[in-house]
Amino acid sequence: MKKGILAMALICALLVSFGCAQAEQNSEGEPIVDETIVLRVVAVDDGYSNTHTDMWALVRLWEETGIRLEIERVDNSVWNERKSLMFAADELPDIILGGGFTADERNMYFAAGQITSLNDMLEYMPNYRAFLSQFDPIELAKLYDSEGNMLGFIGQASEGKKALPGSRVIINQQWLDTLGLSMPRNWEELVEVLIAFRDKDPNGNGVQDEIPISGGSSTAVHVFVTESLGISNDAGGKRSDWYEDENGEMQYLITSDLYKEFLQRMHYLYAEKLIDNEIYTQSNTQFLAKGANMQVGACVAPAPFVLVGTDPENYEQYVAFGPISAEGAEPKQYFNELYGANLYVTKNNAHREATARLLDYLYTEEWASIVRGPELGSEIKGDWNGEGGWYYIDDTHTQYAFEVPEEYSSVYYWRVGDVSPMILRGGLGYTDIWMNEVMSETDTHLRAIFADTWQYTTPCFPQDYSLTQEEADAVALISGELQAYVEQMEVKFIIGELDIDTGWEDFQEHLRSIGVEEYVEVHRGAYARYLEIAESLQLE
């Protein structure tokens, strides 16, 4: 992308897109419109959240802006099926919120004209542009396709200064203390700790039921090996497919000797029962049941109290793990502060300027004061029953805490289940309002144990670059077959169904027969273009 392409795109798109009829709008400030506009939104939630039309915060958003969000909630577990049917039938809402798209899906739906570029809308988003300007272009580039079109909006920015860096990897410190062991700092020390967890009854129940490492997904255990080899991983602990070698060149992990060593270490942990041997079959619920039974030594989890419950005697046993380091290297905690897009505007949205101004409102102090939730005793709105809320704890009316209904284990679960859509919290995490919230004991413990890990943070290797349509077509058949084959073989190597040493050459030969060399070259070209976009990206 050449310098200035964004500005040109803005001018051109403004001439085209806003020539059509728009609802009568106020030129500035709120409300954005005097007569209600209804925007249809498909909102994709996890099992903890209940984003819906009549949430207290969304009713307040309607009152302030004149725009009502009519929500259709889709559970994350069925999103992929719902997504395929929705786009195949071309039955689209005005906005898609919270639903994940791969870069290839995003480009495909944009090429089909079903999701739209936001370039023409940025003119009406001064607060959002100011928010984006604080980040390195290498991170901002993830929002753009290969031609410089911004295809998604960050409806849920990170937690700002309260963010937790990288994968939330925790380990039972009480078990370490009981066994007279220190926090492991390299692969050899990690193995020593895990063997002791397995063999020496650190939970003291007289039964050899300890599971040194477990997880809610098979990829959540990757981080214990990736850190030891210097391989980048995502926030969930899953290994990256790509890495940068000592010469700064992009390399495909799967064809490298580094991947072979990754498999060997994973197999060793599995064969020695140092990682949960039910990792490929258990559900997240089954994993959490083991945590609640105080059987898990180390894992990736949202928080210790999510793993073992809200009894301080249990969750305070856990601290942040590592990070451990590769041989001869400094420890690294892979982390990108800027979240990716989680909101997309479709072709059916007939109110683009009003939508742009609504999205910009999400990056104001006014919205932050709403989306944090209602004050105790506030007027009942929507379907909120009036229970719970925040209250000031000092005479300066600065710091505040929450009273939460007893059926909720934390402020977060009350918010997302009852009053506020955290997938639409905008820039809340970067406001004084967010920083002035006095956290619960569970959240205070969570942030305290990760405070020292910030010093190890390093950016994840970019995974969000876009292919051109020509490139996507060239590797379409290769990509699906390649990924399925790698996933299948990875499991077989790790669980010992196939020997890594004797099966390695056949594995690599089959990758070549699928077309891995062409696949790698296409992705290298796309990554080079991603870097060019980052270098030329200019936001006011």
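About the criteria used
Residues numbered from 1 in each chain as written. Predicted model: local features only at pLDDT ≥ 70, side-chain atom pairs only at ≥ 80, totals over all residues. Heavy atoms only, no water. Helix = DSSP H or I, 4+ residues; strand = E, 2+ residues; numbered from the N terminus. Rg over C-alpha atoms; globule rule 2.2 N^0.38 Å. Buried < 20%, exposed > 50% of the residue type's maximum accessible area, 1.4 Å probe, protein only. Areas by Shrake-Rupley, 256 points an atom, 1.4 Å probe, with all protein chains shown as cover. Lys, Arg positive; Asp, Glu negative; His and termini not counted. Charge placed at Lys NZ, Arg CZ, Asp CG, Glu CD. 1 Å grid on protein atoms, 1.4 Å probe; cavity = no way out; pocket = protein on both sides within 12 Å on 5 of 7 lines; lining within 4 Å. Points joined across faces, edges and corners; volume = space filled by probe spheres on them. Nonpolar A, V, L, I, M, F, W, Y, C, P; charged D, E, K, R; others polar. Pairing = 2+ DSSP bridges. Contact = heavy atoms within 4.5 Å. pLDDT = per-residue confidence, 0-100. Core = buried A, V, L, I, M, F, W, Y, C linked by side-chain atoms within 4.5 Å. Axes fitted to C-alpha atoms, helices over the stretch in contact; angles between N-to-C directions. Left-handed = near helix turned anticlockwise from the far one by under 90°.

Let us look at the overall build of the chain. For the chain, the helix and strand inventory stands at 21 helices and 14 strands. In terms of overall dimensions, the chain is globule-like: its C-alpha atoms have a radius of gyration of 24 Å, near the 24 Å expected for 540 residues. Expressed as lengths along the three principal axes of its C-alpha atoms, the size of the chain is roughly 70 × 60 × 40 Å. The buried share of the chain, taken over its 540 residues, is 54%. Of the roughly 23,500 Å² that the chain leaves accessible, carbon and sulfur atoms contribute 46%. The positive charge centre, built from 36 side chains, and the negative charge centre, built from 90, are 2 Å apart in the chain.

Counted according to the given criterion, the structure contains three cavities of 30 Å³ or more. There is about 60 Å³ of room inside the largest cavity. Around the largest cavity, the lining residues are Val41, Leu69, Ile95, Leu97, Leu343, Leu358, Leu359, Leu362 and Leu424. Going through the elements one at a time, strand 3 (95-97) and helix 14 (352-361) are the ones with two or more residues in the lining of the largest cavity. Class assignment for the residues of the lining of the largest cavity results in nine nonpolar, no polar and no charged.

Time to look at the pairing of strand 4 (residues 169-172). Burial along strand 4 is two-sided: the face carrying Val169 and Ile171 and the face carrying Ile170 and Asn172 are both buried. Examined bridge by bridge, strand 4 and strand 9 (residues 318-320) share three bridges and lie antiparallel to one another. Each bridged residue has a counterpart across the sheet, and for Ile171 the counterpart in strand 9 is Val319.

Once that is clear, we can look at the side chain of Thr355. By secondary structure assignment, the location of Thr355 is in helix 14. In this view, Thr355 contacts Leu39, Ile95, Met121, Val345 and Asn349; residues no more than four positions away in its chain are not counted.

Okay, the confidence of the model for the chain next. Here the chain averages 90 in pLDDT, while 95% of its residues score no lower than 70. pLDDT under 50 marks residues 1-21. Its contacts with residues more than four places away, or in other chains, come to 32 contacts.

Counting residues in each nonpolar core, the largest one holds 147 residues, and the members touching the most others are Leu69 and Tyr128. Sequence-distant contacts of Tyr128, that is, excluding residues within four places in its chain, are made with Leu122, Leu143, Met150, Gly152, Phe153, Ile154, Asp360 and Tyr363. Residues Leu92, Ile96, Tyr109 and Tyr344 belong to the second largest nonpolar core, which totals twelve residues.

Running from N to C, helix 10 (residues 257-271) and helix 20 (residues 500-514) cross one another at 145 degrees; their axes reach a closest spacing of 11 Å. With respect to the hand of their crossing, helix 10 and helix 20 are arranged in right-handed fashion. Contact residues: helix 10 offers Tyr259, Lys260, Leu263, Gln264 and His267, while helix 20 offers Ile500, Asp501, Trp504 and Phe507. Counted by class, the contact of helix 10 with helix 20 contains five nonpolar, two polar and two charged residues.

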